[in-house]
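# Reading the structure
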Amino acid sequence: AQKVTQTQTSISVMEKTTVTMDCVYETQDSSYFLFWYKQTASGEIVFLIRQDSYKKENATVGHYSLNFQKPKSSIGLIITATQIEDSAVYFCAMREGDTGYQNFYFGKGTSLTVIP
Amino acid sequence: EAAVTQSPRSKVAVTGGKVTLSCHQTNNHDYMYWYRQDTGHGLRLIHYSYVADSTEKGDIPDGYKASRPSQENFSLILELASLSQTAVYFCASSLDRGNTGQLYFGEGSKLTVL
């Protein structure tokens, strides 16, 4: 079963608007860690932002923020004031904290196109 | 600057041939990983390692071997390459489990098996 699911395959938005990308996850662990990564057209994958399951406050880094809804097992990525260079594929990932198995489970990605 | 570097960046191999993908990190991280990326599948874990001279199987280890001769180096070995192993391979590193830090990725290695 897919542990991390991104239902939006692709999204197009106008420059300078706000976009939200959805992600739901599945885990039995009491602690876990959620991440968003960005893959540029060149293939480079970079870390954007993380949310630890025990933290109630939504994480914010620059113009990236998270909408963490623990009861819904949901971690949405919000990009405000989008820029052309935000066009990329965004991956949601989860790392479970209780087990000894070291893996980051990735969603299949959401392709974002920012239109000038 | 801390980094994860992969070589080769691109390779064409023949079916049945041996392929070795290499990864070097200067992050001083304990954990290293090999992921495979296929269109529509996201990233899937092949092998990982948390200490030199030891490797662990990930979700899709069949057809792959891994080697971690030192903390800095981690290789992925395809003894008998097959068409289905055509993909982009990413190496990554992270701090130890207690830190549960994020992954730092290499640039990727595009493998085409003909």
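Here the structure is a predicted model, which is why all the values come from computation and not from measurement.

### Here we look at the overall build of chain A
When its secondary structure is counted, chain A shows zero helices and 12 strands. For chain A, the succession of helices and strands along the chain, N to C, is β-β-β-β-β-β-β-β-β-β-β-β. The C-alpha radius of gyration computed for chain A amounts to 14 Å, which stays within 12% of the reference 13 Å derived for 116 residues, consistent with globular compactness. Its C-alpha atoms give chain A principal-axis dimensions of about 45 × 30 × 20 Å. Taking all 116 residues of chain A together, the buried fraction comes to 50%.

### Description of the environment of Ser7(B)
Residues and elements named next belong to chain B. As for its placement among the helices and strands, Ser7 is situated in strand 1 (residues 4-7). You can call Ser7 partly exposed: its relative accessible area is 39%. Through-space distance from the C-alpha of Ser7 to that of Val19 is 11 Å; in sequence the pair is 12 residues apart. Not counting chain neighbours up to four residues away, the residues in contact with Ser7 comprise Thr20, Leu21, Ser22 and Ser109.

### Quick word on the state of the cysteines
Counted according to the given criterion, the structure contains two disulfides over all chains. Linked covalently through their sulfurs, Cys23(A) and Cys92(A) form a disulfide whose S-S length is 2.0 Å. Linking Cys23(A) and Cys92(A), the disulfide has an S-S dihedral of approximately -70 degrees and is accordingly described as left-handed. Of the two residues, Cys23(A) is situated in the loop between strand 3 (19-21) and strand 4 (24-25) and Cys92(A) in strand 10 (residues 88-96); the sequence distance between them amounts to 69 residues. For the residue pair Cys23(A) and Cys92(A), the accessibility class agrees, reading buried in each case. The residue that forms a disulfide with Cys23(B) is Cys91(B), at a sulfur-sulfur distance of 1.9 Å.

### Considering the interface of chain B and chain A
Taken residue by residue, the interface counts 23 residues in chain B and 22 residues in chain A. Both faces considered, chain B and chain A share a buried interface measuring about 1,900 Å² in area, 51% of it formed by carbon and sulfur atoms. The tally of links between chain B and chain A comes to zero salt bridges. There are four residue pairs in polar contact (both at pLDDT 80 or more) connecting chain B and chain A. Of all the secondary-structure elements, those providing two or more residues to the side of chain B that touches chain A are strand 4 (31-38), strand 5 (42-51) and strand 9 (87-94) of chain B.

### A closer look at the packing of aromatic side chains
Applying the stated criterion to the full structure yields 17 aromatic pairs over all chains. A centroid spacing of 5.5 Å and a plane angle of 80 degrees characterise the contact between Phe106(A) and Tyr35(B), whose relative ring orientation is edge-to-face. Pair noted here: Phe106(A) is in strand 11 (residues 104-106) and Tyr35(B) is in strand 4, and the two residues belong to different chains. On the accessibility criterion, Tyr35(B) (0% relative accessible area) is buried. Relative to Phe105(B), the ring of Phe106(A) has its centre 6.2 Å away and its plane inclined at 65 degrees; by these criteria the two rings are edge-to-face. Residue Phe106(A) is located in strand 11, and its partner Phe105(B) is located in strand 10 (residues 104-105); the two belong to separate chains. Like Phe105(B), Phe106(A) is buried. One aromatic cluster is present, built from ring pairs that chain together Phe35(A), Tyr37(A), Phe47(A), Phe104(A), Phe106(A), Tyr31(B), Tyr33(B), Tyr35(B), Tyr48(B), Tyr50(B), Phe90(B) and Phe105(B). Here Arg95(A) stacks its cationic end above the ring of Tyr31(B), 5.5 Å away from the centre of that ring.

Analysis parameters
Along each chain, residue indices are assigned from 1 in the same order as the chain's sequence is written. Going through the entries in the order they are written, you letter the chains from A and number the ligands from 1. A pLDDT threshold of at least 70 governs which residues receive local features in this predicted model, and a stricter bar of 80 or more applies before side-chain atom pairs are shown or counted, although totals over entire chains, interfaces and linings include all residues. In computing side-chain values, all of the structure's heavy atoms are included and hydrogens and water are not. Each helix is a run of DSSP H or I of at least 4 residues and each strand a run of E of at least 2, with the numbering of both proceeding from the N terminus. In this setup the radius of gyration rests on C-alpha atoms only. A globule is expected at 2.2 Å times the number of residues raised to 0.38. Note on classification: 1.4 Å probe, protein chains only; a residue is buried when its accessible area is under 20% of the maximum for its type, exposed when over 50%, partly exposed between these limits. Residue contacts are counted whenever heavy atoms from the two residues lie within 4.5 Å of one another. The disulfide definition used here is simple: a pair of cysteine sulfur atoms within 2.5 Å. By definition, the buried area sums, over both parts, the 1.4 Å-probe accessible area that each loses when the two are put together. Here a salt bridge means any side-chain nitrogen of Lys or Arg lying within 4 Å of a carboxyl oxygen belonging to Asp or Glu. We define a polar contact as two N or O atoms separated by no more than 3.5 Å, with the added condition that, inside protein, one atom must be a possible hydrogen donor and the other a possible acceptor, whereas residues neighbouring each other in sequence contribute only through side-chain atom pairs. Note on ring pairs: Phe, Tyr and Trp rings are taken, using the six-membered ring of Trp, and paired if centres are within 6.5 Å. Classes follow the plane angle, with under 30 degrees stacked, over 60 edge-to-face and the rest tilted. Any Lys NZ or Arg CZ found within 6 Å of a ring centre and within 35 degrees of that ring's normal is scored as a charge over the ring.

From the geometry alone we can't say anything about function, so treat these as descriptive.
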